[in-house]
Amino acid sequence: MTISTTTTRILRLPDVKTRTGLSRSTIYALVKNECFPKYVSLGVRSVGWVESEVEAWIESRVNASRIKQRAVGKTDDMLPSSVFINTM
């Protein structure tokens, strides 16, 4: 028998919102469209998300964003021209 030394943490909605920057309705819409980790039932009227799954989703969004930036030729040290103010 193998004993797991990792601990599974459950995040409640306020923590998920804080970590992702998403609203409640967006989180549930993404879950419905299978684009965000499914919540787990904690009781009759209580749900939560597995922390490692939420963190993996965040990491996947960061990676997808970086790949998209490279594909269009942007680098992290370049700002879009719209941030420069014309003082003339």
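Residues numbered from 1 in each chain as written. Predicted model: local features only at pLDDT ≥ 70, side-chain atom pairs only at ≥ 80, totals over all residues. Heavy atoms only, no water.

## Examining the sheet that holds strand β3 (residues 46–50)
For sheets, the rule is that strands pair by backbone hydrogen bonds, running either parallel or antiparallel.
Logical step 1: Judged by pairing direction, the sheet is antiparallel, and its three strands sit side by side in the order β1-β3-β2 without closing on themselves. Each end of this open sheet is capped by a strand with a single partner; those strands are β1 (10–11) and β2 (40–43).
Logical step 2: The pairing of β2 with β3 spans three bridges and is classified as antiparallel. Bridged to V40 within β3 is G48.
Logical step 3: Across the face of the sheet, helix α3 (residues 51–71) comes into contact with β1 and β3 while running at roughly 55 degrees to β3. (Pairing = 2+ DSSP bridges. Helix = DSSP H or I, 4+ residues; strand = E, 2+ residues; numbered from the N terminus. Contact = heavy atoms within 4.5 Å. Axes fitted to C-alpha atoms, helices over the stretch in contact; angles between N-to-C directions.)

## Describing the pattern of salt bridges
Logical step 1: This model, assessed by the stated rule, comprises three salt bridges.
Logical step 2: Close ionic contact of E51 with R19 constitutes a salt bridge, the shortest N to O distance being 2.9 Å. Here the residue E51 occupies a position in helix α3, and R19 occupies one in helix α1 (residues 13–20), the gap between them amounting to 32 residues.
Logical step 3: Residue class for R19 comes out partly exposed when judged on its relative accessible area of 33%.
Logical step 4: A salt bridge links E55 to R19, with the nearest nitrogen and oxygen atoms 2.6 Å apart. Highlighted residues: E55 in helix α3 and R19 in helix α1, separated in sequence by 36 residues.
Logical step 5: When salt bridges that share partners are traced, they join R9, R19, E51 and E55 into one network. (Salt bridge = Lys/Arg side-chain N within 4 Å of Asp/Glu carboxyl O. Buried < 20%, exposed > 50% of the residue type's maximum accessible area, 1.4 Å probe, protein only.)

## Things to note about the packing of aromatic side chains
Logical step 1: Under the defined criterion, the tally for this structure stands at four aromatic pairs.
Logical step 2: Aromatic side chains F36 and W57 sit 4.8 Å apart centroid to centroid with 70 degrees between the ring planes, which places their arrangement in the edge-to-face category. A residue pair is termed long-range when its members are at least 10 positions apart, and F36 in the loop between α2 (24–32) and β2 and W57 in helix α3 qualify at 21 residues.
Logical step 3: Arranged with centres 5.9 Å apart and planes meeting at 75 degrees, the rings of Y39 and W49 form a pair that is edge-to-face. One end of the pair, Y39, is in the loop between α2 and β2; the other, W49, is in strand β3, with 10 residues separating them in the sequence.
Logical step 4: Residue classification places Y39 among the partly exposed positions, given a relative accessible area of 28%.
Logical step 5: Taken together, the ring pairs connect Y28, Y39 and W49 into an aromatic cluster. (Phe/Tyr/Trp six-rings, centres within 6.5 Å; stacked < 30°, edge-to-face > 60°.)

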